[in-house]
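Letter by letter, the chains look like this.
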Amino acid sequence: MLVPALLVLFFCLKGHAGLLPHFLQQPADLVVLLGDEARLPCALDAYSGLVQWTKDGLALGGERDLPGWSRYWISGDAASGQHNLHIRPVELEDQASYECQATQAGLRSRPARLHVLVPPKAPQVLGGPSVSLVAGVPANLTCRSHGNAHPTPELLWFRDGVRLDGTTFHQTLLKEGTTGSVESILSLTPSSHDDGATLVCRARSQALPAGKDTAITLSLQYPPVVTLSAEPQTVQEGEKVTFLCQATAQPPVTGYRWAKGGSPVLGARGPMLEVVADASFLTSPVSCEVSNAVGSANCSTALDVQFGPILLAKPEPMSVDVGEDAFFSCAWRGNPLPRVTWTRRGGVQVLGSGPTLRLRSVGPEDSGDYVCRAEPGLTGLGGGAAEARLTVNAPPVVTALHSAPAFLRGPARLQCLVFASPAPEAVVWSWDEGFLAKGSWGRFLVETFPAPDSYGGQGPGLISVLHISGTQESDFSQGFNCSARNRLGEGGTRVSLGRRDLLPTVRIVAGVASAAMTLLMVITGVTLCCWRHGKASFSKQNNLVRIPSSSHGSSSRGPEEEETGSSEDQGPIVQTDHSDLVLDEERALETKDPTNGYYKVRGVSVSLSLGEAPGGSLFLPAPSSLGPLGTPPFYDFNTHLGMPAPCRLYRAQAGYLTTPHSRAFTSYIKPMSFGTPDLAPGTPPFPYAAFPTSSHARLQTHV
């Protein structure tokens, strides 16, 4: 309350005695950079006395040039009351509190604080200007600012003008309380992409808002950065593929290593690998590992190899009971993925598609082989099929096999075919007298063996055979049952034994033998009859005439054999008591075969010289006709030769002599002598020249 009262009193007195001294301008707080000039204003009105400045309460003096303070002075017109304090250059020690005082008037200005700003120096980065780091390894970059900067500078990190985070900051204080140094640490984990990057550490404060920068360059040591390519990437199986492994590294690359599916590729050393593609490359990628002094890195790639279907898992055989579901599965591999279908062996109907086939409520008719087939891919390569058998467990199916008829009291054999799954416990034969499953009993014996695959039934097949030794009448009348049983039921069939009669066969054989004997006796009788008649006819004169036979044996004999042959081969001998049968030997020898050997037949000409008729014509009896029109005429020489019937000489249509008896002219024996024939005047010798048929000049016999 005292101060306000004094002020009121002062102004009241002034109002009566004139103006009192007062400040027109007082100093204010000032911030000045170190080395710059500081000016603190002070202006008084109605005061002409002593004015002085104080620094932290210490008077600087009343003179205008302030002796003792070389960098200090007071400026302004003192008469007008201007007393401004100047400091140049400002130093850090000039930072203090200043007052302007009118000592005679007892006036003091408000204190003004002079702040001296010290700008920071350019910071220092440890390890700069090129800092070597290892890619992938965490590192710390330290930026440090030294000196007595005021205020304490802020250290910042920048990359490409962008401030980086992740820094820590701390400062060191001097004894006097001023800052000694500050530093900032940047923590980072560099990568290979940071190689050659420029980082900036900036020291910034109020004394230097723009700050001062220090730049460093990162020199990264890093393991190889690998890129792997394949040409072509999509390839057909069997084609060549080239892999190219490219890498950037610091320090440089020292080696390459190739692998396929994790297994090393022997002999591959450089950045290039050439292979022939197959299906394994689709699931076993190729990798390239590159190394240098810092470390190693690898890269892998898989080829798109197109190939045909390859079977991975076959379908397994199945055995299920009747009425249950059956399942088959198979696995195929291919690129592109193959289409899988299911069919039954021997059929064309598609039962399903895909890796699994399901057959619902199977019956015996579903037994058989089922085929899992993979169609070739777009490339047309590969493809194939795999099959598995389905066995449907059902009661046995028994079928009677053909059994040959048997003779009474002879052996017999009855057969039946059994198909069953599971296999039957036994195959049993039964009849009126008993039953038998295996082994023998009395006249009966049973044997069972597997049926060949050719029978092709449902399930495993068995053939059971019942052997009967010494059949009886009851065996042919009664039936035999073949039956089989398994856990699912029983099946059977009836087998009958057929009978074979011995009597018809004996009768047939006896009849054939009797007929053959009868025919032989008839032929023998006729032959003997003819032979005897011929012998009686020619026995008077002992003139023997034989005509060659048609047998091969006679045709193969030489002339000597013909003349001296035994009486057995000479055939019947014709005797005549006439002397008019003359053999023209010379002409007979000159006669030739008109076929020139075409038929391989030997013939002998026989001339019956009956004398020459006038004019050289042949003497022949009048021809007789014994048959219908077209029957060859014959000439009856009985009246001349005394030959009894039925041995007659026939004249064939071709001009040859024949006879009804095949043995009548079989060979020829040269006669020893001939009688003189009784010929009509002018009758020529009897060979063939005078035959009516002009195409044959002689009469001869042929075989």
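Criteria and thresholds
- Residues numbered from 1 in each chain as written.
- Predicted model: local features only at pLDDT ≥ 70, side-chain atom pairs only at ≥ 80, totals over all residues.
- Heavy atoms only, no water.
- Helix = DSSP H or I, 4+ residues; strand = E, 2+ residues; numbered from the N terminus.
- Contact = heavy atoms within 4.5 Å.
- pLDDT = per-residue confidence, 0-100.
- Salt bridge = Lys/Arg side-chain N within 4 Å of Asp/Glu carboxyl O.
- Buried < 20%, exposed > 50% of the residue type's maximum accessible area, 1.4 Å probe, protein only.
- Patch = residues over 30% accessible without salt bridge, like charges linked within 9 Å, V, L, I, M, F, W, Y side chains within 5 Å.
- Areas by Shrake-Rupley, 256 points an atom, 1.4 Å probe, with all protein chains shown as cover.
- Polar contact = N/O pair within 3.5 Å; in protein donor to acceptor, adjacent residues only side chain to side chain.
- Pairing = 2+ DSSP bridges.
- Axes fitted to C-alpha atoms, helices over the stretch in contact; angles between N-to-C directions.
- Disulfide = S-S within 2.5 Å.
- Core = buried A, V, L, I, M, F, W, Y, C linked by side-chain atoms within 4.5 Å.
- Phe/Tyr/Trp six-rings, centres within 6.5 Å; stacked < 30°, edge-to-face > 60°.
- Lys NZ or Arg CZ within 6 Å of the ring centre and 35° of its normal.

Novice: Sorry if this is basic, but what is going on with the overall build of the protein here?
Specialist: Regarding its fold elements, the protein presents 7 helices and 52 strands. Sequence separation of 24 or more characterises 64% of the internal contacts of the protein that already satisfy a separation of 6 or more.

Novice: What am I meant to see in the confidence of the model for the protein here?
Specialist: Should the pLDDT be low somewhere, the predicted coordinates at that spot are not to be read in detail. With 69% of its residues at a pLDDT of at least 70, the protein reaches an overall mean of 76. Scored below 50 in pLDDT, residues 634-680 makes 143 contacts in the model with residues more than four places away or belonging to other chains. The low-confidence segment residues 683-703 (pLDDT under 50) makes 89 contacts with residues lying over four places distant or belonging to another chain.

Novice: Would you mind showing me how to read the pattern of salt bridges here?
Specialist: Two side chains with opposite charge may pair up if their charged atoms get near one another. Tallying each qualifying case throughout the model produces 22 salt bridges. The closest approach of N and O atoms between Arg 113 and Asp 56, which form a salt bridge, is 3.9 Å. One end of the pair, Arg 113, is in strand E11 (residues 112-117); the other, Asp 56, is in the loop between strand E5 (51-55) and strand E6 (58-59), and 57 residues separate them in sequence. Assessed through its relative accessible area of 51%, Asp 56 is described here as exposed. Taking the shortest distance from any N to any O, the salt bridge between Arg 345 and Glu 387 comes out at 3.4 Å. A residue pair is termed long-range when its members are at least 10 positions apart, and Arg 345 in the loop between strand E32 (340-344) and strand E33 (350-353) and Glu 387 in strand E36 (residues 384-400) qualify at 42 residues. Judged by its relative accessible area of 41%, Glu 387 is partly exposed. Sharing partners across several salt bridges, the network here consists of Arg 71, Glu 91, Glu 93 and Asp 94.

Novice: Hey, could you run me through a nonpolar patch on the surface in this one?
Specialist: Taken together, the side chains of Val 134, Val 137 and Val 294 make up a nonpolar region of the molecular surface, amounting to roughly 180 Å² of accessible area. When its relative accessible area of 31% is taken as the criterion, Val 294 is described as partly exposed.

Novice: Teacher, can you tell me more about the side chain of His 83 here?
Specialist: Take His 83: it is sitting in the loop between strand E7 (72-75) and strand E8 (84-87). Residue His 83 is classed as buried on the basis of its relative accessible area of 6%. At 2.9 Å, the side chain of His 83 forms a polar contact with the side chain of Arg 64. Leave out the neighbours within four places in its chain, and His 83 touches Cys 42, Leu 44, Val 51, Trp 53, Arg 64, Ile 74, Ser 75, Ala 78 and Cys 100.

Novice: Teacher, can you tell me more about the sheet that holds strand E3 (residues 38-40) here?
Specialist: Ordered in space as E3-E8-E7, the 3 strands form an open sheet in which the pairing is antiparallel. The outermost strands of the open sheet, each flanked by one partner alone, are E3 and E7. Strand-to-strand twist across the sheet, computed as the mean angle between neighbouring axes with direction ignored, equals 25°. Of the pairings in the sheet, the one linking E3 to E8 comprises 3 bridges and is antiparallel in character. By the bridge assignment, Ala 38 is partnered in E8 with Ile 87.

Novice: Hey, could you run me through the state of the cysteines in this one?
Specialist: Tallied over the full model, the rule gives 5 disulfides. Paired through a disulfide, Cys 330 and Cys 372 show a sulfur-sulfur distance of 1.8 Å. Placement of Cys 330 in the loop between strand E30 (326-329) and strand E31 (331-335) and of Cys 372 in strand E35 (residues 368-374) is noted, with a sequence separation of 42 residues between them. Summarising the burial analysis for this pair, Cys 330 and Cys 372 share the class buried. Put simply, Cys 416 and Cys 482 are joined by a disulfide, and their sulfur atoms are 1.9 Å apart. Taken together, the positions of Cys 416 in strand E38 (residues 412-421) and Cys 482 in strand E44 (residues 480-486) put the pair 66 residues apart, joining distant regions of the chain.

Novice: Even after reading the chapter, I still don't get the nonpolar core, so can you show me in this structure?
Specialist: Across soluble globular proteins, nonpolar side chains show a tendency to be buried alongside one another. Residues Trp 53, Tyr 72, Leu 85, Ile 87, Tyr 98 and Leu 114 are the most contacted members of the largest nonpolar core, which totals 23 residues. Elements with a contribution of two residues or more to this core: E3, E5, E7, E8, strand E9 (97-102) and E11.

Novice: Can you help me understand the packing of aromatic side chains in this one?
Specialist: Given two aromatic rings, one states the distance between the centres and the angle between the planes to describe the pair. This model, assessed by the stated rule, comprises 8 aromatic pairs. Ring plane angle 45° and centroid distance 6.0 Å describe the contact between Trp 431 and Phe 480, whose orientation is recorded as tilted. With Trp 431 in the loop between strand E39 (426-430) and strand E40 (435-436) and Phe 480 in strand E44, the pair connects residues that are 49 residues apart, well separated along the chain. We note that Trp 431, like Phe 480, is buried. Through a chain of ring-to-ring contacts, three or more aromatic side chains come together here, namely Trp 431, Trp 441, Phe 444 and Phe 480. Lying over the aromatic face of Phe 158, Arg 202 brings its terminal NZ or CZ to 4.4 Å of the ring centre. Sitting over the ring of Phe 281, Lys 260 keeps its end group 4.0 Å from the ring centre.

Novice: Looking at this model, I keep getting lost on the environment of Val 340. Mind explaining?
Specialist: Locating Val 340 in the fold gives a position in strand E32. Of the residues examined, Val 340 reaches a relative accessible area of 11% and is grouped as buried. When the C-alpha positions of Val 340 and Ala 374 are compared, they lie 4.5 Å apart, and in sequence the two are 34 residues distant.

Novice: Got a minute to help me understand the sheet that holds strand E27 (residues 296-301) in this structure?
Specialist: Backbone hydrogen bonds are what pair the strands of a sheet, in a parallel or an antiparallel way. If you trace the 4 strands from one edge of the open sheet to the other, you get E24-E23-E26-E27, paired in antiparallel fashion. Only two strands of the sheet have a single neighbouring strand rather than two, namely strand E24 (263-264) and E27. With 2 bridges joining them, strand E23 (residues 255-260) and E24 adopt antiparallel strand pairing. Within E24, the residue paired with Ala 259 across the bridge is Pro 264.

Novice: Help me out: how do you make sense of the environment of Val 286 in this one?
Specialist: Position of Val 286 among the secondary structure elements: in strand E26 (residues 286-291). Under the relative-accessibility criterion, Val 286 is labelled buried at 2%. Between the alpha carbons of Val 286 and Thr 301 there is a distance of 5.6 Å; along the sequence they are 15 residues apart. Every residue in contact with Val 286, bar those within four places of it in the chain, is listed here: Leu 228, Phe 243, Trp 258, Ala 259, Lys 260, Leu 273, Phe 281, Cys 299, Ser 300 and Thr 301.

Novice: What's the story with the side chain of Thr 341 in this structure? I'm lost.
Specialist: Along the polypeptide, Thr 341 turns up in strand E32. On the basis of relative accessible area, Thr 341 is assigned to the buried category, the value being 5%. If we ignore the near neighbours within four places in the chain, the residues touching Thr 341 are Val 350, Gly 352, Ser 353, Val 371, Cys 372, Arg 373 and Glu 375.

Novice: Looking at this structure, I do not really get unusual backbone geometry. What am I missing?
Specialist: Glycine aside, negative phi is the norm for most residues, and most peptide bonds take the trans geometry. Cis geometry is found at the peptide bond from Gly 128 to Pro 129, where omega equals 0°. Residue placement: Pro 129 occurs in the loop between strand E12 (124-125) and strand E13 (130-134). With an omega of 0°, the peptide bond between Gln 250 and Pro 251 qualifies as cis. Within the element layout of this structure, Pro 251 appears in the loop between strand E22 (240-250) and E23. Located in the positive-phi region is Ala 46, a residue other than glycine, with phi close to 65°. Relative to the assigned elements, Ala 46 resides in the loop between strand E4 (43-45) and E5. Taking the relative accessible area as the measure of exposure, Ala 46 reaches 38% and is therefore partly exposed.

Novice: Any chance you could explain the environment of Pro 317 here in plain terms?
Specialist: Tracing the sequence through the fold places Pro 317 in the loop between strand E28 (304-313) and strand E29 (318-321). For Pro 317, a relative accessible area of 57% translates into the label exposed. The spacing of Pro 317 and Thr 391 is 74 residues in sequence and 7.9 Å in space, taken between C-alpha atoms. Each residue touching Pro 317, except ones within four places of it in the same chain, is listed here: Ala 388 and Arg 389.

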